[in-house]
Structure formats: C-alpha cells, structure tokens
Amino acid sequence: MIVVISDSATDAQVEQFVKNMEALGLSAKMIQGEAKRVFGLVGDTASLEAESLMRNDAIEKVMKVSAPYKLSGRSFHPEDTRLQLYKDGPYIGDGDFAVFAGPCSVESEEQILSIAQDVKRSGAAMLRGGAFKPRTSPYAFQGLGLDGLELLEIARQKTGLGIVTEIMGPEYLSVFEKDVDVIQVGARNMQNFSLLRELGRIGKPVLLKRGLSNTIDELLMAADYVLKDGKASVILCERGIRTFETATRNTLDISAVPVLKKRSHLPVIVDPSHGTGYWDLVYPMALAAVAAGADGLIIEVHNQPALALCDGQQSITPALFDGLMGRIVKLREALQ
Ligand code: PEP
Ligand code: MN
C-alpha cells in the first residue's frame with residue numbers, strides 16, 4: 001500500500017502516522033520524492049481500509065498495490081489450476097475443457113434420464129439439473145428438493161455422469177457433501193459469505209456463479225472465502241450481468257473470460273443460457289465463450305423446452321446440443 005502525505009502535514013503528524021502503522025504490525029518505509037513525502041506500507045495490509053486511513057488529515061492519497069484477493073489470484077499461484085471434477089471423472093482447466101449440460105430443473109425420472117443419456121452421448125462431462133431452485137417469484141416452481149437429488153442420483157447410476165446442482169442454503173450441506181459431485185452456488189448467493197465459508201470446509205469442487213450485479217474482483221474475493229480452508233476447489237462462472245439492455249435476459253460479459261484468466265488461475269466457464277435468456281442465442285455465445293478462452297460451458301438442455309417447468313425459453317434441444325458440441329470440438333481444434 002502506498003500512502004502520499006499531504007503538503008500541509010506537520011512533521012509531528014507524519015511521525016504519529018508512522019507510529020500508528022507500527023502499532024498495527026506494519027512498517028512505513030519513506031520513499032522521498034522531489035515534491036512529495038510518500039510511504040510504502042510493508043506487511044499484511046489486507047485488512048487495512050484505505051478509506052479509513054484517508055480520514056487522517058495528514059494523508060492525501062492511499063493506493064492499494066496488491067489485489068484484494070489472494071488465493072484465487074495468479075500472483076501466488078501463477079500456473080493454471082487443473083482439477084478433477086469427481087473421482088475417476090474428467091478434468092477441467094489447464095487445457096482440459098468440460099461441458100456441464102442438462103435441464104434447468106429436475107422434473108421427473110423420465111425427463112432427467114432421457115436428457116442425461118442424450119447429453120452424455122454428445123460428450124457432456126457432467127449432468128446439471130436444479131433440485132432446489134432460486135425463483136424470483138415464490139409462486140413459481142421451486143424444484144423437487146430432496147426428491148430431485150434422488151432422481152439425479154438415479155441418472156448418475158444409469159449414465160455414469162457426475163452431478164452438478166445448486167445449493168441454496170446450509171441446511172442440506174451434509175446431503176450435498178454425500179450426493180453431489182460439484183456444488184453450484186447460484187448468482188443470487190455469490191455473496192452469501194457464511195454459505196461460502198461452510199462450503200470451504202467440504203472438500204468438493206464449488207461452481208461459483210458471478211452475481212447479477214457483481215464485479216470480477218468481487219467474484220474473486222467470493223472465491224477466496226471458499227478457498228480459505230485449503231480443502232475445496234473453485235470453478236468460476238460468468239453467467240451474464242444486469243445492464244440497461246433489455247434485448248437479452250442478462251448481458252453476457254464475454255470479456256470477463258480473458259480478464260478472469262489473467263487475474264486468476266482457476267478454471268473459468270460460461271453459461272450462455274442464463275447469460276442470454278434465449279435458446280437461439282446459446283449456440284453463438286457458447287462458441288464466443290470458447291473463442292474467448294473459457295475452460296468449459298454450462299448449458300441448459302431440455303427434451304421438451306415448450307413444456308419445461310423452468311427456463312424453457314433458453315433451453316436448447318438435445319439435437320441442437322449435439323450439433324453445438326461438434327462445432328465446439330472443431331473450433332477448439334482451429335484455435336490450437
Ligand atoms: C441455474 O443455473 O439454474 C441458475 C439459477 O443460475 P443463476 O444462479 O446463474 O441464475
Ligand atoms: Mn435456469
């Protein structure tokens with residue numbers, strides 16, 4: 001952290017500032033400029049608030065040098081993280097590409113099995129499907145809950161696909177720990193810090209979706225909450241953000257992919273389904289995400305989109321998904 005002293009500050013004020021910093025376990029090293037008195041603060045400044053320091057009249061400016069996230073950042077972990085999605089399962093990151101596909105919500109055994117078999121045939125690495133749904137309206141379909149998790153388990157046994165599904169709160173942590181391979185934290189829970197902390201105590205990979213109105217740095221700080229205990233791993237997901245644009249459900253921030261890849265070593269995936277809100281935009285934006293350097297995708301696929309209990313308008317059919325997977329393979333080859 002760099003601190004610029006005000007021109008009007010007295011020597012006594014500067015001495016007091018240095019003492020205050022020392023009392024916090026930091027050392028303030030003077031960098032003598034031509035016109036300005038500048039100090040570099042050395043030590044763990046992570047919990048020091050620049051805004052609070054600015055309350056001191058002797059200080060003109062405070063600049064943070066290091067990023068506000070550490071564990072998810074590249075500075076302490078320069079190489080890409082490659083992680084195994086589940087025991088004996090596929091990998092994601094550092095050159096390994098994985099697609100998670102399935103319906104927005106689990107609706108019945110017949111539905112989830114049929115979709116699981118289709119997406120597996122097309123090359124999906126995991127089956128997605130919500131059992132607990134974070135719906136904006138309390139009157140909308142809320143998901144099958146624990147029954148939905150059981151249906152996902154049946155689909156796993158019949159197809160061998162790993163399961164990714166959303167956790168809404170800490171009450172079912174032990175069930176998710178036992179039955180789910182990758183635990184999804186939805187956009188609305190990205191800053192549910194107590195949930196993130198609890199998930200960090202479980203060793204499972206966490207798929208962390210970017211919040212509706214959250215910045216890239218906020219997403220990385222949220223990832224640090226999960227990584228803090230050193231047990232869990234995190235997959236970051238860009239799923240569109242709120243903007244003034246109404247032509248799409250959200251604005252898919254494709255530039256978040258190279259920015260995240262530059263700042264973080266964690267695998268980055270893109271959700272073109274929630275990112276756009278329309279089935280016919282999923283195909284081009286999925287390809288755009290691959291071209292931008294994503295390590296994977298999460299895509300909503302439904303066998304009867306017109307009858308879907310949730311997000312039918314943005315779900316693609318298994319046939320379209322199959323065609324898309326073929327194009328993704330070709331695009332990735334072309335990008336080599
Ligand atoms: C989902 O993946 O079904 C979902 C609800 O996503 P998000 O949290 O990104 O809205
Ligand atoms: Mn959905």
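A few words on the coordination of the manganese ion (ligand 2). Taken together, Cys104 (SG), His274 (NE2), Glu300 (OE) and Asp311 (OD) make up the protein donors of the manganese ion (ligand 2), found 2.0 to 2.4 Å from the metal. Written as a sequence motif, the donor arrangement for the manganese ion (ligand 2) is C-x169-H-x25-E-x10-D. Here the residue cysteine 104 occupies a position in the loop between β7 (98-102) and α3 (109-121), and histidine 274 occupies one in helix α9 (residues 272-276), the gap between them amounting to 170 residues.

Right, let's talk about the side chain of aspartate 271 for a bit. Take aspartate 271: it is sitting in the loop between β13 (268-270) and α9. The exposure class of aspartate 271 is buried, given its relative accessible area of 0%. What aspartate 271 contacts, discounting residues up to four positions off in sequence, is Lys209, Cys237, Glu238, Arg239, Leu252 and Ile298.

This part covers the sheet that holds strand β2 (residues 27-32). A sheet is described by the order of its strands in space; here four strands give the open sequence β2-β3-β1-β4, paired in antiparallel fashion. Two strands bound the open sheet, and with one partner strand each, they are β2 and β4 (59-63). Mean inter-strand twist for the sheet, computed between neighbouring axes without regard to direction, equals 25 degrees. Where strand β1 (residues 2-5) meets β4, four bridges bridge the pair, whose relative direction is antiparallel. Bridging from a neighbouring strand, valine 3 pairs with valine 62 of β4. Sheet strands in contact with helix α1 (residues 11-23) are β1, β2, β3 (37-42) and β4, and its direction is about 10 degrees off that of β3.

What follows deals with the site of ligand 1. Of all residues adjacent to ligand 1, which total 13 residues, the nearest are Arg128, Lys133, Ala187, Arg188 and Arg239. Glutamine 184 is positioned with one of its side-chain polar atoms (N or O) 2.9 Å from an oxygen atom of ligand 1. Here an oxygen atom of ligand 1 sits 2.9 Å away from a polar atom, N or O, in the side chain of arginine 188. Calculation on ligand 1 without its partners gives an accessible area of 290 Å², and the protein chains cover 97% of this total. Per-class residue counts for the shell around ligand 1 are three nonpolar, three polar and seven charged.

With that settled, consider empty space enclosed by the protein. Considering all chains together, one arrives at one cavity of 30 Å³ or more under this definition. Taken together, Arg128, Gly129, Gly130, Lys133, Val164, Thr165, Glu166 and Gln184 make up the lining of the largest cavity. At three residues, the largest contribution of residues to the lining of the largest cavity is made by strand β9 (residues 162-166). For the lining of the largest cavity, the residue count by class is one nonpolar, four polar and three charged.

Basis of the calculations
- Residues numbered from 1 in each chain as written.
- Chains lettered and ligands numbered in written order.
- Predicted model: local features only at pLDDT ≥ 70, side-chain atom pairs only at ≥ 80, totals over all residues.
- Heavy atoms only, no water.
- Donors = N, O, S within 2.8 Å, 3.2 Å for Na, K, Ca; no water.
- Helix = DSSP H or I, 4+ residues; strand = E, 2+ residues; numbered from the N terminus.
- Buried < 20%, exposed > 50% of the residue type's maximum accessible area, 1.4 Å probe, protein only.
- Contact = heavy atoms within 4.5 Å.
- Pairing = 2+ DSSP bridges.
- Axes fitted to C-alpha atoms, helices over the stretch in contact; angles between N-to-C directions.
- Near = heavy atom within 4 Å.
- Polar contact = N/O pair within 3.5 Å; in protein donor to acceptor, adjacent residues only side chain to side chain.
- Areas by Shrake-Rupley, 256 points an atom, 1.4 Å probe, with all protein chains shown as cover.
- Nonpolar A, V, L, I, M, F, W, Y, C, P; charged D, E, K, R; others polar.
- 1 Å grid on protein atoms, 1.4 Å probe; cavity = no way out; pocket = protein on both sides within 12 Å on 5 of 7 lines; lining within 4 Å.
- Points joined across faces, edges and corners; volume = space filled by probe spheres on them.

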